[in-house]
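Coordinate inspection notes
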Amino acid sequence: MAPGSVGGGYDQTARVLGKALIEANVAKSVTFENKGGAGGTLGLAQFANSTKGDPNALLVVGAIIVAGIEQNKPQITLKDVTPVARLFTEYNVIAVRKESEFQTLEDLLKAFKEKPTSIAWGGGSKGSIDHIGIAELAGKLDVPVNKVNYIATGGGGEIVAQALGGQIKVITGGYAELGQYIRNDQFRVLAIGAPERVAGIDAPTLKESGYDVIIGNWRGVYGAADLTPEQRKEVTDAVVAASNSKVWKDNIETNKWAPNVLTGDEFGKFVDAEHVRLRAMLVEVGLVKP
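Residues numbered from 1 in each chain as written. Predicted model: local features only at pLDDT ≥ 70, side-chain atom pairs only at ≥ 80, totals over all residues. Heavy atoms only, no water.

Quick look at the overall build of the protein chain now. Looking only at helices and strands, the protein chain has 10 helices and 8 strands in total. Relative to the compact-globule value of 19 Å for 290 residues, the protein chain shows a C-alpha radius of gyration of 19 Å, a close match. Relative to its 290 residues, the protein chain shows a buried fraction of 53%. Once local pairs closer than 6 in sequence are excluded, the contacts in the protein chain between residues at least 24 apart make up 77%. Counting only carbon and sulfur atoms, one obtains 50% of the accessible surface of the protein chain, whose full area is about 12,900 Å². For the protein chain, the separation between the mean place of its 31 positive charges and that of its 33 negative charges on side chains is 3 Å. (Helix = DSSP H or I, 4+ residues; strand = E, 2+ residues; numbered from the N terminus. Rg over C-alpha atoms; globule rule 2.2 N^0.38 Å. Buried < 20%, exposed > 50% of the residue type's maximum accessible area, 1.4 Å probe, protein only. Contact = heavy atoms within 4.5 Å. Areas by Shrake-Rupley, 256 points an atom, 1.4 Å probe, with all protein chains shown as cover. Lys, Arg positive; Asp, Glu negative; His and termini not counted. Charge placed at Lys NZ, Arg CZ, Asp CG, Glu CD.)

This part covers helix H1 (residues 9-23). Here H1 is 15 residues long and its end C-alpha atoms lie 21 Å apart, about the 21 Å a rise of 1.5 Å per residue gives. Of the residues flanking the end of H1, it is Asn-25, one or two places downstream, whose phi is positive at about 60 degrees. (Expected span 1.5 Å × (residues − 1).)

Inspection of every chain in the model, using the stated rule, returns 8 aromatic pairs. Ring centres 6.0 Å apart and planes at 85 degrees place the aromatic pair Trp-218 and Phe-267 in the edge-to-face group. With Trp-218 in strand S7 (residues 216-223) and Phe-267 in helix H10 (residues 264-284), this pair connects stretches of sequence that are 49 residues apart. Overall, the relative accessible area of 4% leaves Trp-218 in the buried class. A relative accessible area of 0% means that Phe-267 is categorised as buried. Through a chain of ring-to-ring contacts, three or more aromatic side chains come together here, namely Trp-218, Tyr-222, Phe-267 and Phe-270. If you follow Arg-15 out to its NZ or CZ, it ends over the ring of Phe-32, 4.6 Å from the centre. (Phe/Tyr/Trp six-rings, centres within 6.5 Å; stacked < 30°, edge-to-face > 60°. Lys NZ or Arg CZ within 6 Å of the ring centre and 35° of its normal.)

We now examine the pattern of salt bridges. One pass over the full model with this rule turns up 16 salt bridges. For Arg-279, the salt bridge is made with Glu-70, and the minimal N-O distance between the two is 3.6 Å. In this pair, Arg-279 sits in helix H10 while Glu-70 sits in helix H3 (residues 63-72), placing the two residues 209 residues apart along the sequence. For Glu-70, a relative accessible area of 12% gives the class buried. (Salt bridge = Lys/Arg side-chain N within 4 Å of Asp/Glu carboxyl O.)

Let us look at helix H2 (residues 41-50). For H2, the complete set of buried residues consists of Thr-41, Gly-43, Leu-44, Phe-47 and Ala-48. For H2, the angular spread of buried residues about the axis comes to 155 degrees, placing them on one side. The outward face of H2, more than 90 degrees from its buried face, is lined by the exposed residues Asn-49 and Ser-50. The inward-facing, buried residues of H2 contact strand S1 (58-62), H3 and S7. (Arc of directions from axis to C-beta.)

Following the sequence through the fold, Thr-153 ends up in the loop between strand S4 (149-152) and helix H6 (157-164). Polar contacts involving the side chain of Thr-153 include one to the main-chain carbonyl oxygen of Gly-123, which spans 3.0 Å. Ignoring any residue separated from it by four or fewer positions in sequence, one finds Thr-153 in contact with Gly-123, Gly-124, Ser-125, Glu-158, Ile-159 and Gln-162. (Polar contact = N/O pair within 3.5 Å; in protein donor to acceptor, adjacent residues only side chain to side chain.)

Let us now look at the packing of H1 against helix H8 (residues 229-243). Relative orientation of the contacting elements H1 and H8 amounts to 95 degrees, with a least axis distance of 8 Å. When the interaxial angle is binned, H1 and H8 end up roughly perpendicular. Contact with H1, carried on its side by Leu-17, Ala-20 and Leu-21, involves Ala-238, Val-239 and Ala-242 of H8 and no other residues of that element. Grouping the constituent residues of the contact of H1 with H8 by class yields 6 nonpolar, no polar and no charged. (Axes fitted to C-alpha atoms, helices over the stretch in contact; angles between N-to-C directions. Parallel < 35°, antiparallel > 145°, perpendicular 65-115°, else oblique. Nonpolar A, V, L, I, M, F, W, Y, C, P; charged D, E, K, R; others polar.)

On to the pairing of strand S5 (residues 170-174), then. Taking burial as the measure, the 5 residues of S5 include 5 buried ones, the bulk of the element. Here 2 bridges tie strand S3 (residues 120-123) to S5, and the two strands are oriented parallel to one another. Among the inter-strand pairings, Trp-121 is bridged to a residue of S5, identified as Val-170. (Pairing = 2+ DSSP bridges.)

The subject of this paragraph is the nonpolar core. The biggest cluster of nonpolar side chains holds 75 residues, and the ones touching the most others in it are Leu-78, Leu-108, Leu-109, Phe-112, Trp-121, Leu-206 and Trp-248. In this structure Trp-248 touches Thr-13, Val-16, Leu-17, Ala-20, Leu-87, Phe-88, Ala-242, Ser-243 and Trp-257, once residues within four positions along its chain are discounted. Tyr-175, Ile-182, Val-198 and Ile-201 belong to the second largest nonpolar core, which has 19 residues in total. (Core = buried A, V, L, I, M, F, W, Y, C linked by side-chain atoms within 4.5 Å.)

This is the structure in structure tokens:
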């Protein structure tokens, strides 16, 4: 289950993991289901309700679903499914279309500071890492969060079309979603939200440009509810085996993902900590009441 649109980050992760599970000989076949909406919580609810006790079911998760739970307060949360593994972190790029008047990050941020509402920023759902990251960057420029003209989409193809068409001035998202358009010179990367420069991406970090902001979205997988300890171990071992496959490693390189595998209860504790961290950020940027 990918709780987002086709072509988006959850979907990409799901499809690469599916190929990797087959290549690692831990799955014979894989089917994919996409169910976007409400920051991923609609897909989570459907997964939790329809897969109980099924050791062959996986749900792709990430920071966005944690933020979605904090904002939407759904009845079904990640407590209702089984943590399996964190897989990698993907850092956001800030990019403009080739024809844009903004040649550098400084050009963009100067215009943004002078007239904040004139810059339409496009990214994933409201309260996503994309959204929080831009709100944080605005804070560093003393731009009030209510002046940020952020266009929330389901991500994937929809946002790319709007950015290439010029309806959105700036696009932010993971490199993997935008990589093919960057490589084809349809988008120009102005900055990346990584802690340090990323090999193969010709752009400064926000940090080296003088803005102490990191924008990154980890991704991982959860299993169904009510798994036995043996089933949980089996599905975790399968995902770890997939993460060591050639197809997975090739995609880690192509997509500029930063691998950081963490399994089982340790992963569960990490997600608990992310709820605390992301809730504080959502309060800070005015998306959740204190």
